[in-house]
Amino acid sequence: MPIHILPENLVARIAAGEVVERPAAAVKELVENAIDAGASEIRVECAEGGRKLLRITDNGRGIPSDEVELAFTHHATSKLADDEGLNHILTLGFRGEALASIASVSTVTCVTRHVDETAGTLLRIDNGRILTRERIGRPPGTTMTVENLFARVPARLKFLKSNQTERGQIDGVLTRYALAYPGIRFALTHDGRVTLQTQGSGLLRDVLPHTHGADVAERLIPFTNEPGAGTVQVEGYASLPTLDHNNRSKIQIFVNGRPVQDTRLAYAVVQAYHTLLMTGRYPIAVVMVRLPPEDVDVNAHPTKAEVRFRDPDSVFGAIQRAIRKALLAAMTPPEPPSVLSAVDLPGLVRPAGEASPASDETIEPPRATGGDPVPRLWERPAAAAPLRGAEAWERVGISRQAQEAVRQAESGRDAAPLPGALPALRILGQLANAYVIAEGPEGLYLIDQHAAHERVLFERMLAQRELGAVVSQSLLDPLPVPLPSDSAWLIEENLPLLHDLGFDLESFGTNTVLVRAVPALMVQDDLPAALRELAGDLERGDAPLQRDIESRVLRRVCKRMAIKAGRVLALSEMQALVRDLEACESPRTCPHGRPTMLQLGLGQLEKQFGRMG
Ligand code: ADP
Ligand code: MG
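Rules and cut-offs
- Residues numbered from 1 in each chain as written.
- Chains lettered and ligands numbered in written order.
- Predicted model: local features only at pLDDT ≥ 70, side-chain atom pairs only at ≥ 80, totals over all residues.
- Heavy atoms only, no water.
- Near = heavy atom within 4 Å.
- Polar contact = N/O pair within 3.5 Å; in protein donor to acceptor, adjacent residues only side chain to side chain.
- Areas by Shrake-Rupley, 256 points an atom, 1.4 Å probe, with all protein chains shown as cover.
- Helix = DSSP H or I, 4+ residues; strand = E, 2+ residues; numbered from the N terminus.
- Expected span 1.5 Å × (residues − 1).
- Buried < 20%, exposed > 50% of the residue type's maximum accessible area, 1.4 Å probe, protein only.
- Pairing = 2+ DSSP bridges.
- Axes fitted to C-alpha atoms, helices over the stretch in contact; angles between N-to-C directions.
- Contact = heavy atoms within 4.5 Å.
- Core = buried A, V, L, I, M, F, W, Y, C linked by side-chain atoms within 4.5 Å.
- Domains from an automatic or database assignment.
- 1 Å grid on protein atoms, 1.4 Å probe; cavity = no way out; pocket = protein on both sides within 12 Å on 5 of 7 lines; lining within 4 Å.
- Points joined across faces, edges and corners; volume = space filled by probe spheres on them.
- Nonpolar A, V, L, I, M, F, W, Y, C, P; charged D, E, K, R; others polar.
- Phe/Tyr/Trp six-rings, centres within 6.5 Å; stacked < 30°, edge-to-face > 60°.

1. Considerations on the site of ligand 1
Inference 1: Taken together, 19 residues sit near ligand 1, with Asn33, Thr77, Ser78, Lys79 and Gly96 positioned nearest.
Inference 2: Separating an oxygen atom of ligand 1 from a side-chain N or O atom of Ser78 is a distance of 2.5 Å.
Inference 3: Side-chain polar atom of Lys79 to an oxygen atom of ligand 1: 2.7 Å apart, as the coordinates give it.
Inference 4: Protein coverage of the free-state accessible area of ligand 1, which is 530 Å², stands at 94%.

This is the structure we're talking about:
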């Protein structure tokens, strides 16, 4: 529709306010305009954090020559017709405010050519006054150049931060739109240097390495909700539990292509990691929510960064479930039921070292006789098919915990740590010197002895840590440990932190650390090897936070000290281990987020044995 001035009554209904308070806000508005104009390529150039110059060039449909002045008038828009239009907005802009606001506090040069016209227009406006208007040649599209933003508004200028901060804000804006629109080629330069560039392949996967870095992108997994599960569609990428962040800022949520801030939806993402991340740690995620425009009110906030949903619960649930499902599937636990299917049973207690039989058994099933309702053993009806990934994990109860967490979140309570919900188990034996076999009210449990012990030790150390007293044990003879120079340096850098975790270390000549005491758990450990590993944990990641390092060190200690696979356990040892595990807050995953156990329900056994028809 042509650009027109909105009627008074409609203006009154628009949640207007100050839209341009810093360069990044101007960039946001101009990039939104380029996207709304259907551009497939958007270039943003900045000088001095945007205060000297901002230039946004697009190859969109351009502005008709006779509407250019109008575009710079308050409440002039081509995107909203009437009241009714407010209920299903598909464009990013709709208030007709941005260009007028920007042009009133800077010098703007607009060069634009509409696709259907043969010549373009140049319009130059200085702090609200039109200076020049010319016909000019250019390919279809628009270039908006904003110079000396706020130069004549000292009050505003005063609130701008350093160039570096303003640059960072602009980077944030471009990053968000690059994620939201993978089909658009974005390029951002600051003072001539390219800081972001995307290909416009149309795939979010291709954008992630540019916005998050290749190493992070590698550890993001895709998720999506079931098609046809209502009108809310959710997809995106989320971090594996091995990757986390110390706040929620890396949870990015988009609703119908619009970046939004919504603490509740961010909480849905966090909830999907319940028991998989330590408290105080947050995932990294890019979440795309799509739903019919009439189900979301984008007119709730002046910067359009907050939206209101007609049915917030369904959006919350869709995000939480989609991410949870992907995480559980990605943790790819072994597939317990397949070893328990009838044909494989003899292999169950297989001597170590012997190859397992091929998983796809070559017994030819007889052709189905048609309409026979009694499942035969070899038919493996769908319901009794071996469970894979997520499904197997549903059985382990994680999904139940997750649902519980959602219910808690929904009812507004803080998600208190859930009770372990491990029933009392009876030990049956040990399998392959690695798994404890146990029986409980719900069937068979296979417990990974190493992972389970890691969990037990970790919660014990966390508890000690919280009390400010990790139990430390002095060595009878202090032990000098020579280390590679970078390791020695890292350890020396972190002596106070390590001290809080029970290590009493001292630098001792060049590249040697004198060990006086270690966490009690570790007295038996191979200390030189342990210190080398610890140095590795101190190093990973750039400038990790104290908290990060602490939890890594604790996890490392537990991993080293947990009983290994391959060790024969006496019945009493297994009983003690399982009792300790039952007492854990998160008994079902190890500190690294991997499962500690698998469960096979009685109902499932009955199906496998063909007892249920
Ligand atoms: P809004 O985006 O809310 O409509 P703006 O003040 O941002 O308000 O823009 C006013 C109008 O100018 C838009 O409705 C659009 O018709 C036109 N316009 C602005 N920027 C562009 C662009 N880059 N390409 C094409 N048209 C544009
Ligand atoms: Mg706009």
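2. Side note on helix H10 (residues 312-330)
Inference 1: Relative to the 27 Å expected for 19 residues at 1.5 Å per residue, H10 spans 27 Å between its end C-alpha atoms, a close match to the ideal helical length.
Inference 2: For H10, the full list of buried residues reads Val315, Phe316, Gly317, Ala318, Ile319, Gln320, Ala322, Ile323, Arg324, Ala326, Leu327 and Leu328.

3. So, the sheet that holds strand S22 (residues 504-507)
Inference 1: In spatial order, the strands read S21-S23-S22; together these three strands make up an open sheet with antiparallel pairing. Where the open sheet ends on each side, the last strands, each with one partner, are strand S21 (472-482) and S22. On average, each strand axis in the sheet is tilted by 15 degrees relative to the strand beside it, whichever way the strands run.
Inference 2: Here helix H17 (residues 527-539) sits on the sheet in contact with S21 and strand S23 (512-519), set at roughly 80 degrees to S21.

4. Let's talk about the side chain of Lys28
Inference 1: Structurally, the position occupied by Lys28 is in helix H2 (residues 23-36).
Inference 2: By relative accessible area, Lys28 is classed as buried at 18%.
Inference 3: Residue contacts for Lys28: discarding those within four places in its chain leaves Val173, Tyr177, Thr303 and Lys304.

5. Describing the nonpolar core
Inference 1: Membership of the largest hydrophobic core comes to 58 residues, with the highest contact counts inside it found for Val31, Ile35, Ile42, Val44, Phe72, Leu174 and Phe186.
Inference 2: Each of domain 1 (8-197) and domain 2 (219-330) contributes no fewer than three residues to this core.
Inference 3: The next biggest cluster of nonpolar side chains, apart from the first, holds 45 residues, and it includes Ile221, Ile251, Ala272 and Ala285.

6. Considering the sheet that holds strand S15 (residues 285-290)
Inference 1: Spatially, S11-S12-S15-S13-S14 is the arrangement adopted by the five strands of the open sheet, whose pairing is mixed. Single-partner strands in this sheet number two, and they are strand S11 (220-224) and strand S14 (258-260). Taking the axes of each pair of neighbouring strands and ignoring which way they run, one obtains an average angle of 20 degrees across the sheet.
Inference 2: By the bridge criterion, three bridges tie strand S13 (residues 251-255) to S14 in an arrangement that is antiparallel. Looking at S14, one finds that Phe254 is bridged to Pro259.
Inference 3: The strands touched by helix H6 (residues 163-180) within the sheet are S13, S14 and S15, with S13 carrying the most contacts at an inclination of about 55 degrees.

7. What about empty space enclosed by the protein?
Inference 1: Across all of its chains, the model carries one cavity of 30 Å³ or more by this definition.
Inference 2: The space that makes up the largest cavity amounts to roughly 30 Å³.
Inference 3: Along its surface, the largest cavity is lined by Leu30, Phe72, Leu99, Ile102, Ala103, Val108, Met144 and Val146.
Inference 4: With three residues, the single largest contributor to the lining of the largest cavity is helix H4 (residues 98-103).
Inference 5: Each residue belonging to the lining of the largest cavity can be placed in one class, and the counts come to eight nonpolar, no polar and no charged.

8. Examining the packing of aromatic side chains
Inference 1: If you walk through the whole model with that rule in mind, you get one aromatic pair.
Inference 2: With a centroid separation of 6.3 Å and 50 degrees between ring planes, the pair formed by Tyr267 and Phe316 is classed as tilted. Taken together, the residues span a long stretch of sequence, with Tyr267 in helix H9 (residues 263-272) and Phe316 in helix H10 at a distance of 49 residues. Each member of the pair Tyr267 and Phe316 is classed as buried.

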